[in-house]
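Analysis of the macromolecular model
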Amino acid sequence: MQTDAKPLLSVRNLRTNFFQDEGTTKAVDGASFDVLPGKTLGIVGESGCGKSVTAQSILRIVDHPGRIVEGEIILTRADGTEIDLVKLKADGREMRAIRGGDIGLVFQEPMTSFSPVHTVGAQIVEAVLLHNAVDRKEARRRGIEALRSVGIPKPERRIDEYSFELSGGLRQRAMIAVALSCDPRLLIADEPTTALDVTTQAQILDLLRTLQRERGMAIMLITHNLGVVAEMADDVVVMYLGRVVEQGRVDDIFHDPKHPYTKALLQSIPSIESEPRVKLPTISGSIPHPFNRPPGCPFHPRCASYIAGRCDAQEPVLRDLGKGRKASCFLYQ
Amino acid sequence: MAELAAPPEAGIQAEQRIAVATQWQLMWWRFRKHKLALAGTLVLIGFYLVAVFAEFLAYVDPQESDAQRSLIAPQSIHWSDDGRFAPYVYGLKGTRDPVTFKRVYVPDTSKKVPITFFGRGEHYQFLGLIPMDRHLFAVEDAKVAESLFLMGTDTQGRDLWSRLMYATRTSMTIGLVSVALSLVLGVVLGGISGYFGGVIDTIIQRIIEILRSIPTIPLWMGLAAALPGDWSVVQVYFAITIIISLIGWTELARVVRGRFISLKEEDFVMAAELVGCSKARIIFRHMVPSFISHIIAATTLAIPAIIISETSLSFLGLGLRPPAISWGVLLQDAQNIQALVISPWLLIPSFAVIVAVLAFNFMGDGIRDAADPYL
Amino acid sequence: MLAYIVRRLLLAVLTVWAISVLSFIIIHLPPGDYVTSYIASMSASGSAVSEGEAKALREQLGLDKPITIQYMKWMGLMLQGNFGMAMEWGRPVTDVIGDRLTLTVVISLAAIVFTWALALPIGIYSAVYRYSFLDYLFTFVGFVGLAIPGFLLALIVMYVGFAWFGANVGGLFSPEFAEAPWSFAKAWDLTKHLPIPAIVLGVAGTAQLIRIMRSNLLDELRKPYVVTARARGLPEYRVIMKYPVRVALNPFISTIGYLLPYVVSGSIIVSLVLSLPTVGPLLLKALIAQDMFLAGTIVLLLGVLTVVGTFLSDLLLMWVDPRIRLGRE
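Residues numbered from 1 in each chain as written. Chains lettered and ligands numbered in written order. Predicted model: local features only at pLDDT ≥ 70, side-chain atom pairs only at ≥ 80, totals over all residues.

Quick notes on the overall build of chain B
Check the secondary structure of chain B and you find 14 helices and six strands. Taking all 375 residues of chain B together, the buried fraction comes to 39%. If you take every contact in chain B between residues at least 6 apart in sequence, the share linking residues at least 24 apart comes to 70%. (Helix = DSSP H or I, 4+ residues; strand = E, 2+ residues; numbered from the N terminus. Buried ≥ 20, exposed ≤ 12 C-beta atoms within 10 Å, placed from the backbone. Contact = placed C-beta atoms within 7 Å.)

Thoughts on the overall build of chain A
Helix and strand counts for chain A stand at 10 helices and 12 strands. A globule of 333 residues ought to have a C-alpha radius of gyration of about 20 Å, and chain A, at 21 Å, matches this closely. Counting only C-alpha atoms and orienting by the principal axes, one finds that chain A spans roughly 65 × 50 × 45 Å. Within the span of chain A, comprising 333 residues, buried residues form 46% of the whole. Put simply, 63% of the contacts in chain A that link residues at least 6 apart link residues at least 24 apart. (Rg over C-alpha atoms; globule rule 2.2 N^0.38 Å.)

Focus on the confidence of the model for chain B
Residues and elements named next belong to chain B. Predicted confidence across chain B gives a mean pLDDT of 77, with 86% of residues reaching 70 or more. Predicted confidence is poor over residues 1-10, with pLDDT under 50, and the contacts of this stretch with residues over four places away or in other chains come to 13 contacts. Reported confidences for the modelled complex are a pTM of 0.75 and an ipTM of 0.77. (pLDDT = per-residue confidence, 0-100.)

What to know about the packing of helix H6 (residues 99-128) of chain C against helix H13 (residues 244-274) of chain C
When two helices pack together, their arrangement is captured by the angle between the axes and the distance separating the axes. All names here are of chain C. Across the interface, H6 lies against H13 with an axial gap of 10 Å and an inter-helix angle of 145°. Handedness of the H6/H13 crossing: right-handed. Contacts between H6 and H13 involve Thr-104, Ile-107, Ser-108, Ala-111, Ile-112, Thr-115 and Ile-124 on the former and, on the latter, Val-245, Ile-256, Leu-259, Leu-260, Val-263, Val-264 and Ser-267. Here the contact of H6 with H13 is composed, by residue class, of 10 nonpolar, four polar and no charged. (Axes fitted to C-alpha atoms, helices over the stretch in contact; angles between N-to-C directions. Left-handed = near helix turned anticlockwise from the far one by under 90°. Nonpolar A, V, L, I, M, F, W, Y, C, P; charged D, E, K, R; others polar.)

Describing helix H10 (residues 260-267) of chain A
Those residues of H10(A) that sit buried are A:Pro260, A:Tyr261, A:Thr262 and A:Leu265. In this fold, the buried residues of H10(A) make contact with helix H8 (226-232), strand E9 (235-240), strand E10 (243-249) and helix H9 (250-255) of chain A.

As for the packing of helix H8 (residues 216-225) of chain B against H13(C)
Axis separation between H8(B) and H13(C) bottoms out at 6 Å; the angle between their running directions is 60°. Judged by the angle between their axes, H8(B) and H13(C) are oblique. Across the interface between the two elements, B:Thr216, B:Ile217 and B:Pro218 from H8(B) touch C:Ser265, C:Ile268 and C:Ile269 from H13(C). (Parallel < 35°, antiparallel > 145°, perpendicular 65-115°, else oblique.)

Overview of the pairing of strand E8 (residues 218-223) of chain A
Residues and elements named next belong to chain A. Summarising burial for E8: six of the six residues are buried, a large majority. Residues Ala-218, Met-220 and Ile-222 point to one face of E8 and Ile-219, Leu-221 and Thr-223 to the other, with burial holding for every one of them. Alignment of strand E3 (residues 40-44) against E8, held across five bridges, turns out to be parallel. Pairing of Ile-43 across the sheet is with Ile-222, part of E8. Judged from the five bridges that link them, strand E7 (residues 186-190) and E8 form a sheet pairing that is parallel. The partner of Ile-188 across the bridge, within E8, is Met-220. In terms of handedness, the path from E7 via helix H7 (residues 198-215) over to E8 forms a crossover that is right-handed. (Pairing = 2+ DSSP bridges. Right-handed = clockwise from strand over helix to strand, strands pointing away.)

Points about the interface of chain C and chain B
In this complex, chain C contributes 41 residues to the contact, which on the side of chain B involves 34 residues. Those elements that place two or more of their residues in the side of chain C that touches chain B are helix H1 (2-28), helix H7 (133-147), helix H8 (150-165), H13, helix H14 (279-289) and helix H15 (292-320) of chain C. Tallied by class, the residues present in the side of chain C that touches chain B amount to 36 nonpolar, five polar and no charged.

A closer look at H8(B)
Helical geometry: 3.6 residues make up each α-helical turn, so side chains three or four residues apart lie on a common side. Within H8(B), 10 of the 10 residues are buried, leaving the element largely enclosed by the surrounding structure. For H8(B), the set of buried residues is B:Thr216, B:Ile217, B:Pro218, B:Leu219, B:Trp220, B:Met221, B:Gly222, B:Leu223, B:Ala224 and B:Ala225.

With respect to the sheet that holds strand E12 (residues 325-327) of chain A
Residue and element names in this part refer to chain A. Strand order in the open sheet formed by eight strands is E6-E7-E8-E3-E9-E10-E12-E11, and the pairing between neighbours is mixed. Of all strands in the sheet, those bounded by a partner on one side alone are strand E6 (103-106) and strand E11 (319-322). Strand after strand, the sheet turns through a mean of 20° between neighbouring axes, direction not considered.

Some details on the environment of A:Phe291
Residue and element names in this part refer to chain A. By the secondary structure assignment, Phe-291 is in the loop between H10 and E11. Of the residues examined, Phe-291 has 16 C-beta atoms within 10 Å and is grouped as partly exposed. Linking Phe-291 and Glu-22, residues 269 residues apart in sequence, is a C-alpha distance of 8.5 Å.

Let's talk about the pairing of E3(A)
All names here are of chain A. In terms of residue burial, E3 counts as a mostly covered element, since five of its five residues are buried. Burial along E3 is two-sided: Thr-40, Gly-42 and Val-44 facing one way and Leu-41 and Ile-43 facing the other are all buried. Pairing of E3 with E9 involves four bridges; the strand directions are parallel. Pairing of Val-44 across the sheet is with Val-238, part of E9.

Quick look at the sheet that holds strand E2 (residues 23-35) of chain A
Residues and elements named next belong to chain A. With antiparallel pairing, four strands are arranged side by side in an open sheet as E2-E1-E4-E5. Unpaired on one side and paired on the other, E2 and strand E5 (82-84) mark the two borders of the sheet. Direction aside, neighbouring strands of the sheet carry axes that sit 10° apart on average. Across eight bridges, the pairing between strand E1 (residues 9-20) and strand E4 (residues 66-76) is antiparallel. Counterpart to Arg-12 in the pairing with E4 is Glu-72.

As for the environment of A:Ile144
All names here are of chain A. Within the fold, Ile-144 resides in helix H4 (residues 136-149). Sequence spacing of Ile-144 and Arg-77 is 67 residues, and the spatial spacing of their C-alpha atoms is 27 Å. Excluding residues within four positions of it along the chain, Ile-144 makes contact with Pro-155, Glu-156 and Ile-159.

Examining unusual backbone geometry
All names here are of chain A. Positive phi outside glycine occurs at Asn-13, with the angle close to 55°. The class of Asn-13 is partly exposed, set by 13 C-beta atoms lying within 10 Å. Phi at Leu-241 takes a positive value of approximately 50°, unusual for a residue other than glycine.

Overview of the environment of A:Met232
All names here are of chain A. Relative to the elements of secondary structure, Met-232 occurs in helix H8. Residue classification places Met-232 among the buried residues on the basis of 22 C-beta atoms within 10 Å. Here the alpha-carbon distance between Met-232 and Leu-41, two residues 191 residues apart in the chain, equals 8.5 Å. Excluding its chain neighbours within four sequence positions, the residues that come into contact with Met-232 are Thr-40, Gly-42, Leu-205, Arg-209 and Leu-221.

The following block contains the structure:
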């Protein structure tokens, strides 16, 4: 990663645990990464690796029985000051101003992300009124503008419609409009295209890129789809079982992966250039149950480069390998 | 594939146990965690044991009445006599109240009537087959009908404890018969409605809606009042059961229909069809096991309503009538507030109703929570 | 939307017809008819009724025609507003029923208002603060409330009132107002007496509604739109009340429709215990005396009452749920 620009958001050693009757799940177990202004950071990993909980932790909307137990989330405000989001009260005025104001969230499920009994407009206007000192007429005007900016035709009519009257693609655009209505500097997109078909997917990604260019907004793109990452991200963070296992610029990650997990992930993508009639390589084993974390490096039971005696005994740390590359593996330590 | 370091043994074993457990075992494990549901189940087992052993637990013929013994207060059992464990009650002495000139019974402390447990008393037929004469409570050296009144007597001088035992039997079983009927009606009609859909579904749905809109008590009152007064106790019993289940099936039908509709869309049903299974096989072998636990839960939860209905109807005098004995019949005596204030023990059967209904509700809730895979 | 209204209206009409048939059948189930019981009561008091008199009486009351004709006659008369004579009382049915039906409506509505006012906030609280101490407490109290049959609760209330306060808590009016014509003072007296019957009637329904509200709200709280509302920066209180509660209200409101028959039903028994001057005690007496016009009319009127109430609640639901309004049930 380029280290000359000051990060917009800096996550340091974040740990978020879920305390349940059956045991404690370490959903995020020491994650650290930076989001640079105006750039897109892609967070990849399999389901259950903690990507969504990371996003929730940043926005301080982690559901009970989860709690942030350690770490810092440093946000650089518009006026240059820094603030640690972990130290704020989750439901306090400051955090709520940031939530939706400085940081916007686009969610995975356009179908159910809107309240079925309120109009789309009501929800956008509400967001605008929350973060800006304007009157209703102005808020409505801004809402219509927001809908227009995401490419929804006839926004002045659509604003009074209910979400079930919109198609899936339009709904996702409306979602983005709500998130953008207050001009956030960081947009967190959690699997924004997973529930959409491929053509709509492409359109939404285009839209996101355009908006980013126009507004200089940073995007934190969470996905398990490596193709989306390749297309959109400037920098990539790979997560496994709540930890960051590799970091780097997108080109570096895809052409020169360091961590065995990243390597295996990339190998398992079917490609038009692979040999026909040869079995698709997969990662052996499956993700361990959260209560059954393997000792040492969490990936070692499935690792092709496993070193007995080392990988199952000690935990590797995220090491800087120079030129913005970081990896958490004993191969490099 | 390199040999991998295995995750901890206990974790793997636990996962495997869960993987091979049957649906019923899983339900049982979840059910076990519900303390209230377990308590409810135990209570219900107790109630049904009472129902089976009614003759043993009672000590007097429940119909034996003596106007002179009306409205005697419950006696307290004294557990030790001069330091030994020898339970007894005081005998009763009849005196005339100087103010009202009514005959009143007061404890006669000079007379101690010892109680034996598992002693001999009146003869009866256990389960209608085995002749026995042992009772839980019996007295020596005295006539039990004149000495023991553990819960007092009612306005006609009948012993309430014995009557309560028999009433438990009637009230707890009438619920079962009624719910069985509702179950059959509900499953059949709900199943047809859900599985075949279309016009049949609409018709049955409308019927259900109509039935649900009718206020039940006036209807039941009407139907019950219409029963000929000369019908035997058993005939009335069954007629009441049928009347109550005629409306009760709607709830079960709704549950069954809902399940069928959602199951119809499941992929495994389509897979069974594609393999060539007959409709009957699909329904009974594939679909029914998926929701049988829900049916059990809904059925269990339907019983308390039936118990309350029967008790209410009998209380009004429109349900079971004497000489039948049920909780509702027992509570008829409590209708008169003035009498109630003087003899509050007449309300004791109400505790039986409340506890039974609570127990069924807890157990039913526990079953439903255990059966629902999405909780 | 129009289609929805028409459909519900049609259903309401059908239900009323079904109830009328049922009421009629009920009245004719017992062997013998009014004249038989009339003869029996006459002979019990010592006088006899001759064959000829009986026959004339039957003709006079129209009891000698076939059942279907009787039904038609009955329906025809009722649609004209003529509910017939209460044979036992010798006065028009409308006279005898009089205020009682209105009072039945009044306590039923009071019970429903009480139910709502209590069940809604408790249900919301129980869902949001799941597994808290108050949640367990409410759940337990709710269970107990469900377990106590209405008449039993009424009995206990009467008993407590009598034994501890020496007061008769039954009745809807103080003695001076009982037979008096309507006035503000009488209405106020009624309001003062309403709480006890309303609470007794409403307890079971409240318990049920609390459970429904709690479970519906719990379902909604898990949904993504709640997360997005939070992510927009709404304070937690508004997040809950404005969105999931609003959505969970819909099944809540549709349940009100089916609460009405339950409450009206319960009011019969509770009125009997608490000696309220409503339709309940009257119905019981009529059934025992096999007074066809009176009993049948009461059952029918009660049924119509509940159907109207259900229909109104359907309309309320339509107003509240945009999905129905815009034709996407």
